[in-house]
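Residue strings, one per chain:
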Amino acid sequence: MKLNIEIVFDALSRKIPAQLRGVREKSLHLGRPEYYLGPERVFRAGRFYVLRSEQLPQRPVIEKGAAILCIGQSMYLPYYLEHCGVIQITGKTELPLVFNLLTEIYNRYDAWSEELQNILNASGQIWEMVLCSQKIFDNPILVLDANFHFLVHSDYDGIDLAEWEKRLLRHPSEGDLPLPLLNAFLEHGELSTEKTEAMLINILDSSTLCVNLFQDKVYSGCLIVDYRRRAHLPSDDMLAVYLARMIELALRKYTSTEAGGRSSLRAVLQGLVNGLDSMEQKWVLEGRQSGAEYICTKTQFSRRLAQLPVGYMCSVVEKAFPNSTAFEQEGAIVCFIETGALAETGKSCFQVFQEYAAHVFASLNFDIGISDPFQDIFSAQLYYLQACSALENGRIFAPGQHVYLFQDYALTELIVNALGRFPIEMYYSDGFRSLIEHDASSSVSYIETLRTYLDKNMSVTKTTASLYINRSTLLERIARIKRELGVDLQDAGERLRLQILLKALQIQETMQGRPT
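Residues numbered from 1 in each chain as written. Predicted model: local features only at pLDDT ≥ 70, side-chain atom pairs only at ≥ 80, totals over all residues. Heavy atoms only, no water.

This part covers the overall build of the chain. Looking only at helices and strands, the chain features 19 helices and 17 strands. The 516 residues of the chain split such that 49% are buried. Contacts in the chain between residues at least 24 apart in sequence constitute 57% of all its contacts with a sequence separation of at least 6. Entry remark: accessible area of the chain is about 25,400 Å², with carbon and sulfur atoms responsible for 51%. (Helix = DSSP H or I, 4+ residues; strand = E, 2+ residues; numbered from the N terminus. Buried < 20%, exposed > 50% of the residue type's maximum accessible area, 1.4 Å probe, protein only. Contact = heavy atoms within 4.5 Å. Areas by Shrake-Rupley, 256 points an atom, 1.4 Å probe, with all protein chains shown as cover.)

Below, the discussion takes up the sheet that holds strand β7 (residues 85–89). Here five strands make up an open sheet; going across it, the order is β1-β7-β6-β4-β2 and the pairing mixed. Strands with a single pairing partner mark the edges of an open sheet, and in this sheet they are β1 (19–22) and β2 (33–35). Taken over all neighbouring pairs, the strand axes of this sheet differ in orientation by 25° on average, direction set aside. (Pairing = 2+ DSSP bridges. Axes fitted to C-alpha atoms, helices over the stretch in contact; angles between N-to-C directions.)

Right, let's talk about unusual backbone geometry for a bit. With an omega dihedral of -5°, the bond running from Gly-38 to Pro-39 counts as a cis peptide bond. Examined against the element boundaries, Pro-39 turns out to sit in the loop between β2 and β3 (42–43). Phi is positive for Lys-217, close to 65°, though the residue is something other than glycine. Along the chain, the position of Lys-217 falls in the loop between β11 (206–215) and β12 (218–226). Judged by relative accessible area, Lys-217 falls into the exposed class, the value being 83%.

Predicted confidence across the chain gives a mean pLDDT of 83, with 82% of residues reaching 70 or more. Segment residues 158–175 is flagged for pLDDT under 50; beyond a separation of four residues in sequence, or across chains, it makes 31 contacts in the model. Between residues 256–261, whose pLDDT stays under 50, and residues either more than four places distant or in other chains, the model counts two contacts. (pLDDT = per-residue confidence, 0-100.)

The next point concerns the sheet that holds strand β15 (residues 332–338). Pairing within the open sheet is mixed, and its five strands lie in the order β14-β15-β13-β16-β17. Looking at the sheet topology across the chains shown, the edges are occupied by β14 (324–329) and β17 (403–405). Within this sheet the neighbouring strands show an average axis-to-axis angle of 20°, counted without direction. Sheet topology places strand β13 (residues 294–301) next to β15; six bridges connect them, and they run antiparallel. Note on β15: the bridge partner recorded for Tyr-294 is Glu-338. Strand contacts of helix α13 (residues 380–397): β13, β14, β15, β16 (366–370) and β17, with the helix running at about 40° to β13, the strand carrying the most contacts.

Turning to α13, a few remarks are in order. The first and last C-alpha atoms of α13 sit 26 Å apart over 18 residues, in line with the 26 Å expected at 1.5 Å per residue. Along α13, the residues classified as buried are Ala-380, Tyr-384, Gln-386, Ala-387, Cys-388, Ser-389, Ala-390, Leu-391, Asn-393 and Gly-394. (Expected span 1.5 Å × (residues − 1).)

Bringing the pairing of β11 into the picture now. Regular strands have side chains that alternate between both faces of the sheet. Across the 10 residues that make up β11, a large majority, nine, are buried. Bridge analysis of β11 against β12 gives eight bridges, and the strand direction is antiparallel. Residue Phe-214 lies in a different strand from β12, and its bridge partner there is Tyr-219. A loop of two residues connects β11 with β12, the two strands running antiparallel in sequence, and Asp-216 in this loop sits at a positive phi of about 55°.

Let us look at helix α1 (residues 5–12). For α1, the tally of buried residues reaches eight of eight residues, placing the bulk of the element in the interior. Residues of α1 that are buried include every one of Ile-5, Glu-6, Ile-7, Val-8, Phe-9, Asp-10, Ala-11 and Leu-12, and no others. On the buried face of α1, the contacting elements are β1, β4 (48–52), β6 (67–71), β7, α3 (95–121) and α7 (236–253). Structurally, the start of α1 carries an N-cap: the backbone nitrogen of Glu-6 is 3.1 Å from a side-chain oxygen of Asn-4. (Polar contact = N/O pair within 3.5 Å; in protein donor to acceptor, adjacent residues only side chain to side chain.)

Here the focus is the pattern of salt bridges. Applying the stated criterion across every chain yields a total of 13 salt bridges. For Arg-24, the salt bridge goes to Glu-6, with nearest N and O atoms at 3.7 Å. You can see Arg-24 sitting in the loop between β1 and β2 and its partner Glu-6 sitting in helix α1, a full 18 residues away along the chain. Exposure remark for Arg-24: the relative accessible area of 42% places this residue in the partly exposed category. Residue Glu-6 is joined to Lys-26 by a salt bridge in which the shortest nitrogen-to-oxygen separation is 3.1 Å. Taken together, the residues span a long stretch of sequence, with Glu-6 in helix α1 and Lys-26 in the loop between β1 and β2 at a distance of 20 residues. Through salt bridges with shared partners, a single network forms among Glu-6, Arg-24 and Lys-26. (Salt bridge = Lys/Arg side-chain N within 4 Å of Asp/Glu carboxyl O.)

Leu-69 and Leu-223 are the most contacted members of the largest nonpolar core, which totals 55 residues. The biggest single contributor to this core is α3, with 12 residues. Grouped together as the second largest cluster of nonpolar side chains are 26 residues, Leu-435, Tyr-453, Ile-469 and Leu-501 included. (Core = buried A, V, L, I, M, F, W, Y, C linked by side-chain atoms within 4.5 Å.)

Counting buried residues in β7 gives five out of five residues, a clear majority hidden from the surface. The side-chain alternation of β7 yields two buried faces, one formed by Gly-85, Ile-87 and Ile-89 and the other by Val-86 and Gln-88. For β1 and β7, the ladder comprises four bridges, and the chain directions are antiparallel. Within β7, the residue paired with Arg-21 across the bridge is Val-86. Pairing analysis gives five bridges linking β6 to β7, with the strands arranged parallel. The residue bridging Ile-71 from the neighbouring strand is Ile-89, located in β7.

Right, let's talk about the packing of helix α14 (residues 410–419) against helix α19 (residues 492–511) for a bit. Two elements in contact, α14 and α19, have axes separated by 10 Å at closest approach and are oriented at 100°. The orientation of α14 relative to α19 falls into the category roughly perpendicular. Contacts between α14 and α19 involve Leu-411, Thr-412, Ile-415, Val-416 and Leu-419 from the former and Ile-500, Lys-503, Ala-504 and Ile-507 from the latter. (Parallel < 35°, antiparallel > 145°, perpendicular 65-115°, else oblique.)

With respect to the secondary-structure elements, Val-225 resides in strand β12. On the basis of relative accessible area, Val-225 is assigned to the buried category, the value being 0%. Distance from Val-225 to Asp-138, taken between C-alpha atoms, is 9.3 Å for residues 87 residues apart in sequence. What Val-225 contacts, discounting residues up to four positions off in sequence, is Phe-137, Asn-139, Pro-140, Ile-141, Ser-207, Thr-208 and Leu-209.

Structure below.
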C-alpha cells in the first residue's frame, strides 16, 4: 500500500523525535522507503529516500511527489524544503534503525490494506472492514447510507459513552440516525454531499471526520470517524478516504435493495399522483382495494431543503405510521397513510399530526397539508391535490399553524376555482362597484358592513355587536348599501352571489397581503 509523508511522519514521530517540513502531497503516492546511495542527482516522483544530511547533493532535480527522510542538518536542506516533503531527524539516530521503523510502518498499512481486500473478495461485509480498521484509527467508526440510516457502527467499549450511546443509538433495530443528530449534520454548511475529500467538523459532541461515499458519482452515504479516544491526525484524512473507497466497492457488490412490494407500490402511487395510468398500476393496487381508508399528506420544509435527505425523512414517516407509503414529489414529502392506524390513537387526524410533527420535525421549519379520507386508491391524484391545496391555503391564511386540513380551506378553494379565468372585478355589478368606490375614499367600510351583516344572517343585533356600532347607525348604513346595490337582500340567490363575491374579495386581499 502506498502512503503519503503525513502518514509516515505521524507513525514515526511516536517512536522517535522528528519534524515534518517542506511541500506535502496528500495523495497516497509514496512507495516503500529506499536508501539513497548516490551519486544520482534526480529524486523521482513517488519515491521515498532515506539518507544522512551529508549525502544531500547540491541543487538536484526533484520531481513533484518525491519525499526524503534526512538525519541531521545541512546547508542544502532549504532547497529541498521548497520542492518536496521532508521528515527531518535532528537527534543522534542510526540510519538502519530508522529504516527498520519505516519498514514496520509500511508493513502495518500493507497488512491493513490486504485485510480489507480479502474481506472485499470474500464476504464483502462492511462491518468486517470497520472492525479491522479500528486499529488504524483507534476511534469509533460509523457508516451511514444515503438516507442517513446506520449500516455499521463500531464497538464503543472502553469509552464512557453510556448517555451518548443512549441518545445516538436509540433506534438500533430500525437503524435510524435520530433526527436531532441529523439536524446537527445539516447545520454544517461545509458538510456537502458533493465533496470527495475528508471533512473535519465538530459534531457528535466531538471532532468528527466525515468522508462521503459514492456509487456511480451519486451520493450513497458517509463514513464517520468519531474522535473520542485520540485526537485527529492530518494523516487520518487520506486513510479515511482509502477506507471509504473500499467500502464503496463493498456497497457496489452487496447493495441492499428495497422489498419489491413496497418499492412497486411507491412507484405506482407516484405515477398516479403525476396523472399516469397503466395496467401495471391496476395489478399492483388490486390487493389494496380492500375497503381500507387512506389520507394523503404533503410535507414541505422551508429551510435547508437542498440539503435535506428526503429519503431519510420518507423512511421516518413510514416507520411512524404503519401501512404508509412516502416518496418525494416536487421537493416535498408525499405520504399515503391508512387511517386505521390513526383511529387506534383515539385522537383526530389533526391532533395526531400536530403531536407527530412537533415531535419529529420540531427543529425544522415545516408545514403539512392533509387531504380528506378516501377509499378508492385510484383517486390518489385528487386527494394529493387536496393535500396541496390545504398546504398552499394554510400557509397563506394561517401561517405558523403548520398542520392544515383540506376541509378547513375547502370553501376558499371552491371560491378560487369558481372565479375561473376571469379577474374578480369582472363579476362586480354596478352597485357592488359603487360600494368599492365608496370605501376607497371613506373611513366607513360598506363592504365590511355588508359582509358582517350577511355573515350574521342579517341579524341587526348580532351585526351591531360585531361592528361595535349602535342600531340606528347600522340601519342607516344598510339602507344606503341596499340603495347602492339595487338588489333585494331577501332573495337567497342574490345573497349567495354577494357572499361569494365578498369571500373572493377577502381571499384576494389576504393573498395580496392587505388587511381584510
